[in-house]
Amino acid sequence: MDLNQLKTFVTVAETSSLTRAAGLLFLSQPAVSAHIKSLESEFKVRLFNRTPRGMELTPTGIVMRDEARIALAAASKFVQKARAINEVGTCKLGTISVPIILNLPGVLSEFRQRHQNVNLNISQNISGYIIDAVVSGEMDAGFVIGDIHNKHLGMIVLSPITLCIVGPWTWRSKIQSAEWEDIQTFPWIATPEKCSFSTITREFFERNNAVFTPSMVVDQEKTLTELVYLEMGLTLMREDIALPAQDCEKIYIWPKAKTVSQLCFIWSRDRESSQVIRTLIESVKTLWKKM
């Protein structure tokens, strides 16, 4: 017995016809008949009865058809796994922050356990550029912040992200007593339009009937934070970054309002069939407990 014989047997069982099975398998009808006879002879069973309606499974044939399907499915899974182990490629992953916040070390460790023969290319950028790169195929997947509405992207929402308005610690007395009409008069350190924080900030202000006028635009989170320390203006900052800085008396969080966005993992739907991408998605789900 071999897998080709099992495949022939299942195909005949599903089509009830030696002729149709031969066409689907690209075999001659005598070859199909030979496969069936070989199985019947090897296991000393009768698999089919010939009827005017075609090839009809015997009771024994029904049992063996079901077992053959299981065997063929297991063989297919084995082949896919073997190919995945030997598949060597490059996975380009975009990140928007320091690795620890993204659970990135854990994700990569899980990924390596599942798929070893992949060269990972990790680059940090702002959300808008990562989204564009994944859509265009320049990147395979990435971590971004914001609401994602793009039919070309698959997405997993990982966690909420709380954002707050912050300023220099030395301005705390003015910030503490400020209302929205006062906040919009402070110098504002903005992010580029492609950064999700730009959209989040604009919508946050609009919901509160306020506007902001950027005094400078910065595309690096670390630089933005340092400029706040240096009393260059206010900005929107993730609360997980702002709280430790406030404890160190470097910045002050405006206590009147906060907003919430979301951290997401995205990938190109065009590459969902890739074993590398599927493994990466499963690794993210496992680490973020999104199963």
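Whatever comes next refers back to the structure up there.
The rules behind these values
- Numbers given to residues run from 1 along each chain, matching the order in which its sequence is written.
- Where totals are concerned, whole chains, interfaces and linings use all residues; where local detail is concerned, this predicted model gives features only for residues with pLDDT of at least 70, and gives and counts side-chain atom pairs only at 80 or more.
- Each side-chain value is worked out from all heavy atoms of the structure, with water and hydrogens disregarded.
- The helix count covers DSSP runs of H or I at least four residues long, the strand count covers runs of E at least two residues long, and both are numbered beginning at the N terminus.
- In this description, a nonpolar core means a group of buried Ala, Val, Leu, Ile, Met, Phe, Trp, Tyr and Cys residues linked to one another through side-chain atoms lying within 4.5 Å.
- Burial classification: accessible surface area is computed with a 1.4 Å probe over protein chains only, and a residue below 20% of its type maximum counts as buried, one above 50% as exposed, and the rest as partly exposed.
- Contact between two residues is taken to exist if any of their heavy atoms lie within 4.5 Å; hydrogens are not considered.
- Salt bridge, as used here: a side-chain nitrogen of Lys or Arg that lies within 4 Å of a carboxyl oxygen of Asp or Glu.
- Here the rule is simple: two strands pair whenever DSSP picks up at least two bridges between them.
- Cavity and pocket criteria rest on a 1 Å grid covering protein atoms alone: a 1.4 Å probe that fits but cannot get out defines a cavity, protein on both sides within 12 Å along at least 5 of 7 lines defines an open pocket, and an atom within 4 Å of a point defines a lining residue.
- Grid points are joined across faces, edges and corners, and a volume is the space filled by probe spheres set on the points.
- Residues are sorted three ways: Asp, Glu, Lys and Arg are charged, Ala, Val, Leu, Ile, Met, Phe, Trp, Tyr, Cys and Pro are nonpolar, and all the rest, Gly among them, are polar.

> Would you take a moment to explain unusual backbone geometry for this structure?
With the exception of glycine, most residues fall at negative phi, and the peptide bonds are largely trans. One non-glycine residue, K44, lies in positive phi territory at about 55°. By the element assignment, K44 lies in the loop between α3 (29-43) and β1 (48-51).

> I tried to follow the nonpolar core on my own but got confused; where do I start?
In terms of nonpolar packing, the biggest core is built from 57 residues, with F143, I165, L263 and F265 touching the most fellow members. Broken down by element, the residue count for this core peaks at eight residues, all from strand β10 (residues 251-268). What F265 contacts, discounting residues up to four positions off in sequence, is L93, A141, G142, F143, G154, M155, I156, L158, L280, I281 and V284. By size, the runner-up hydrophobic cluster in this structure holds 16 residues, among which are L18, L39, L47 and F48.

> Even after reading the chapter, I still don't get the side chain of S196, so can you show me in this structure?
Note that S196 resides in helix α9 (residues 196-207). The exposure class assigned to S196 is buried, which follows from its relative accessible area of 12%. Residues contacting S196, with those up to four places away along its chain left out, are S127 and I145.

> Explain the pattern of salt bridges here, please?
Any two side chains of opposite charge can pair, on the condition that their charged atoms come close. Applying the stated criterion to the full structure yields 13 salt bridges. Where E56 meets R53, a salt bridge forms, and the shortest distance between an N and an O atom there is 3.0 Å. Taking relative accessible area as the criterion, R53 reaches 68% and is therefore assigned exposed. R238 is the partner of D240 in a salt bridge, and the nearest nitrogen-oxygen pair spans 3.0 Å.

> When you look at the pairing of strand β5 (residues 141-145) in this model, what are you seeing that I'm missing?
The side chains of a regular strand alternate between the sheet's two faces. Most of β5 sits out of view: five of its five residues are buried. Taken together, the five bridges between β5 and β10 define a ladder with antiparallel strand orientation. Within β10, the residue paired with A141 across the bridge is W267.

> Where do I start with the layout of surface pockets in this structure?
If you roll a probe as big as a water molecule over the atoms, it shows you where there is empty space left. If you add up the space inside the largest pocket, you get close to 390 Å³. Those elements giving two or more residues to the lining of the largest pocket turn out to be α6 (127-136), α9 and β10. Per-element tally for the lining of the largest pocket: the top contributor is α9, with five residues. Each residue belonging to the lining of the largest pocket can be placed in one class, and the counts come to six nonpolar, nine polar and six charged.

> Is there a simple way to think about the environment of G146 in this case?
Relative to the elements of secondary structure, G146 occurs in the loop between β5 and β6 (153-168). For G146, a relative accessible area of 6% corresponds to the buried category. Spatially, the C-alpha atom of G146 lies 26 Å from that of S274, the residues being 128 residues apart in sequence. Sequence-distant contacts of G146, defined by excluding residues within four places in its chain, comprise S261, Q262 and C264.

> What is the right way to look at empty space enclosed by the protein in this model?
In total, this model carries two cavities of 30 Å³ or more according to the counting rule given. By volume, the largest cavity is sized at about 270 Å³. Looking at the largest cavity, it is lined by 18 residues, and the ones nearest its centre are I96, I126, C195, D219 and E221. Among the elements of the structure, α9, α10 (221-229) and β9 (235-238) are those that each provide at least two residues to the lining of the largest cavity. In terms of residue count, β9 provides more of the lining of the largest cavity than any other element does, three residues in total. Of the voids in this model, the second largest cavity is the one considered here, and its volume is about 60 Å³. Taken together, W188, I189, A190, T191, F197, S198, T201, F212, L224, T235 and L236 form the lining of the second largest cavity. The set of elements that each furnish at least two residues to the lining of the second largest cavity consists of β7 (188-190), α9 and β9. Along the lines of polarity and charge, the residues of the lining of the second largest cavity split into seven nonpolar, four polar and no charged.

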